[in-house]
Amino acid sequence: MSLRVPPTVLPSDAAARLTAVDPERPLSLYLHVPFCATRCGYCDFNTYTAGELGSSSSPESWAQAVRRELDAAAALLAPDRPVQTVFVGGGTPSLLGADGLADLLGAVRNSFDLAPGAEVTTESNPESTSPEFFAGLADAGFTRISLGMQSAAPHVLQILDRRHTPGRALAAAREAAEAGFAHVNLDLIYGTPGETDDDLAASLDAVLSVPVDHVSAYALIVEDGTAFARKVRRGEVPMPDDDDLAARYEQIDARLSAAGLHWYEVSNWAAAEADSIPTETACRHNEAYWRSDDWWGIGPGAHSHVNGVRWWNQKHPATYADSLTAGALPVGGYEILTDEDAHTETVMLRLRMRTGLPADELSAEEAERAGRAVDSGLLTLRDEAYVLTDRGRLLADGVIRDILVD
């Protein structure tokens, strides 16, 4: 099992692995913006409204702490190690405005070199964007925009406590494209109580009516402790069953594929020619996660993974900032991955990708179990890699579990 302890700084054995990493190994940065105007009922992310924070933290104290963590990360990882991808998420990064996000990217550049052609993404909520916002991001050096659309059905957005109108998400996608962004993603959520097949069809039609080259679609997950979970527990909202969710997924895949957006990870589709695997349009930052590359998560509650060490920051913005002010990394806990851990993660993550899991990653026993999945029509063996079939994607978690555990 992994070693887990809750230090305020990384101990010497873990820190040594960070400094011993191969400088040629790809490196990514995630920056967490913990601020939201309101809290959506289904969300369990580490985010805070102004009322929840009170006077204990502010965007200014958070930004100062982020600069300190960036400098600390660069010192540990070597400042000349180029960053391949940057992803600003939250929370609601667009609440910072174009100037705030430009300053954030400037702080990254002050601590790290960006590799030529680096992918730089920010998430944005449609209601806090504008043509001027996107123009400012383009000028600052962002290359990719990810917009939270969720649905084109007003009643679905209402159930999800989303504030934007369906039309605003589409207008934002157009504005981003007009500002020069070639890479624009729209996020969808399916399986919301009350959503019909026609609602989902209308959402897909809306997505494909605007210039996007990437779509992410996730089934609604009811997280413990959220307002939505309390509604489900009280019987106020019914949840769709697994068969309904499978049918919705097939509906999404068929519609997007027909429009030239093809899957490259179970929940992600991107523009590609003739059903080929998307490359230029795929989210390179997310691919770094799925390949278990190195990434440093900057900000309260952010998770990191470098050279087999995973750690997570203290969650509250005030505690996070206090640690950095005191000269310590704001680590809330860590684990050193064992070989078994790393193998399990490789199987779990690579099997979700269309490039598949290299066959030589499996033990003889696991390969035998993978062969049974091939015989059952859940996997196919292509170019010495196991790849989920269309039916296998619907049962991906079960396929992975069956391979790993006899």
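Residues numbered from 1 in each chain as written. Predicted model: local features only at pLDDT ≥ 70, side-chain atom pairs only at ≥ 80, totals over all residues. Heavy atoms only, no water.

Draft legend 1. Looking closely at the overall build of the protein chain. Secondary structure summary: the protein chain contains 16 helices and 16 strands in total. Against the 2.2 N^0.38 benchmark of 22 Å for 406 residues, the protein chain shows a C-alpha radius of gyration of 21 Å, consistent with a compact globule. Here the protein chain holds 406 residues, and 52% of them are scored as buried. Counting every atom, the protein chain has about 17,500 Å² of accessible surface; 51% of that belongs to carbon and sulfur. Charged side chains of the protein chain number 32 positive and 61 negative; the gap between the two group centres comes to 3 Å. (Helix = DSSP H or I, 4+ residues; strand = E, 2+ residues; numbered from the N terminus. Rg over C-alpha atoms; globule rule 2.2 N^0.38 Å. Buried < 20%, exposed > 50% of the residue type's maximum accessible area, 1.4 Å probe, protein only. Areas by Shrake-Rupley, 256 points an atom, 1.4 Å probe, with all protein chains shown as cover. Lys, Arg positive; Asp, Glu negative; His and termini not counted. Charge placed at Lys NZ, Arg CZ, Asp CG, Glu CD.)

Draft legend 2. Highlighting the confidence of the model for the protein chain. Mean pLDDT over the protein chain works out to 90, with 92% of the residues at or above the 70 mark. Low pLDDT, under 50, characterises residues 1-7; the stretch is placed with 22 contacts to residues that sit more than four places away or in other chains. (pLDDT = per-residue confidence, 0-100. Contact = heavy atoms within 4.5 Å.)

Draft legend 3. Just the nonpolar core, in detail. One finds L31, L70, F142, M149, W296, W311 and L379 to be the most contacted residues of the largest nonpolar core, which totals 91 residues. For this core, the leading source of residues is helix α3 (residues 59-77), giving eight residues. With residues near it in sequence (within four places) discarded, W296 still touches L18, S28, L29, Y30, E69, A73, L76, L77, H303, S304, W311 and L329. Counting nine residues, the second largest nonpolar core, distinct from the first, contains Y30, F87, A270 and W290. (Core = buried A, V, L, I, M, F, W, Y, C linked by side-chain atoms within 4.5 Å.)

Draft legend 4. Up close: the side chain of S28. Turning to its location among the elements, S28 is positioned in strand β2 (residues 27-33). S28 gets classed as buried once you look at its relative accessible area, which sits at 3%.

Draft legend 5. Region of interest: the packing of helix α13 (residues 339-350) against helix α16 (residues 396-404). The contact between α13 and α16 brings their axes to 9 Å, and the two run at 145 degrees. In this structure, α13 meets α16 at a crossing whose hand is right-handed. Contacts between α13 and α16 involve H343, T344, V347 and M348 from the former and I400, I403 and L404 from the latter. For the contact of α13 with α16, a count of residues per class yields five nonpolar, two polar and no charged. (Axes fitted to C-alpha atoms, helices over the stretch in contact; angles between N-to-C directions. Left-handed = near helix turned anticlockwise from the far one by under 90°. Nonpolar A, V, L, I, M, F, W, Y, C, P; charged D, E, K, R; others polar.)

Draft legend 6. View of the sheet that holds strand β14 (residues 357-358). Spatial strand order, β14-β16-β15: three strands in an open sheet with antiparallel pairing. Taken across any chain shown, the strands that pair with only one partner, and hence form the sheet edges, are β14 and β15 (379-382). Taken together, the four bridges between β15 and strand β16 (residues 385-388) define a ladder with antiparallel strand orientation. Across the sheet, the residue bridging to T380 is V387, located in β16. (Pairing = 2+ DSSP bridges.)

Draft legend 7. The arrangement of the pattern of salt bridges in detail. Scanning the model with the defined rule gives 13 salt bridges in all. For the salt bridge of R168 with E175, the shortest nitrogen-to-oxygen distance reads 2.8 Å. When the shortest N-O distance is used, the salt bridge between E195 and R248 registers 3.2 Å. Of this pair, E195 sits in the loop between β6 (183-190) and α8 (197-207) while R248 sits in helix α10 (residues 242-258), and the two are 53 residues apart along the sequence. Here E195 falls in the buried class, since its relative accessible area comes to 6%. A relative accessible area of 10% means that R248 is categorised as buried. In this structure, a network of salt bridges that share partners links the residues R25, R81 and D294. (Salt bridge = Lys/Arg side-chain N within 4 Å of Asp/Glu carboxyl O.)

Draft legend 8. Main features of α10. In a regular helix each residue adds 1.5 Å, so 17 residues correspond to 24 Å; α10 covers 24 Å between its end C-alpha atoms and thus fits that length. When we look at burial in α10, the residues that qualify are L245, R248, Y249, I252, D253 and L256. The buried residues of α10 occupy an angular sector of 135 degrees when the element is viewed end-on, so they sit on one face. Exposed residues lying more than 90 degrees from the buried face of α10 are D243 and A258. Turning to α10, the residues buried within the fold contact β6, α8, β7 (214-219), β8 (261-265), β9 (268-271) and α15 (390-394). Structurally, the start of α10 carries an N-cap: the backbone nitrogen of D243 is 3.2 Å from a side-chain oxygen of D241. (Expected span 1.5 Å × (residues − 1). Arc of directions from axis to C-beta. Polar contact = N/O pair within 3.5 Å; in protein donor to acceptor, adjacent residues only side chain to side chain.)

Draft legend 9. Molecular detail of the pairing of β7. Direction of pairing for β6 relative to β7: parallel, over a ladder of six bridges. When the bridges of β7 are listed, L186 appears paired with V215. With three bridges connecting them, β7 and β9 associate as antiparallel partners. Along β9, the bridge assignment pairs S216 with N268.

Draft legend 10. Representation of unusual backbone geometry in the model. For the bond from G90 to G91, the omega torsion is 15 degrees, close enough to zero to count as cis. Mapping G91 onto the fold places it in the loop between β3 (83-90) and α4 (97-111). Despite not being glycine, S292 has its phi angle at roughly 60 degrees, a positive value. The topology assignment puts S292 in the loop between α11 (284-290) and β10 (294-298). Take S292: its relative accessible area is 18%, and that puts it in the buried class. The phi dihedral of D383 falls on the positive side, at around 50 degrees, and the residue is not glycine. If you trace the backbone, D383 turns up in the loop between β15 and β16. We classify D383 as exposed; its relative accessible area is 74%.

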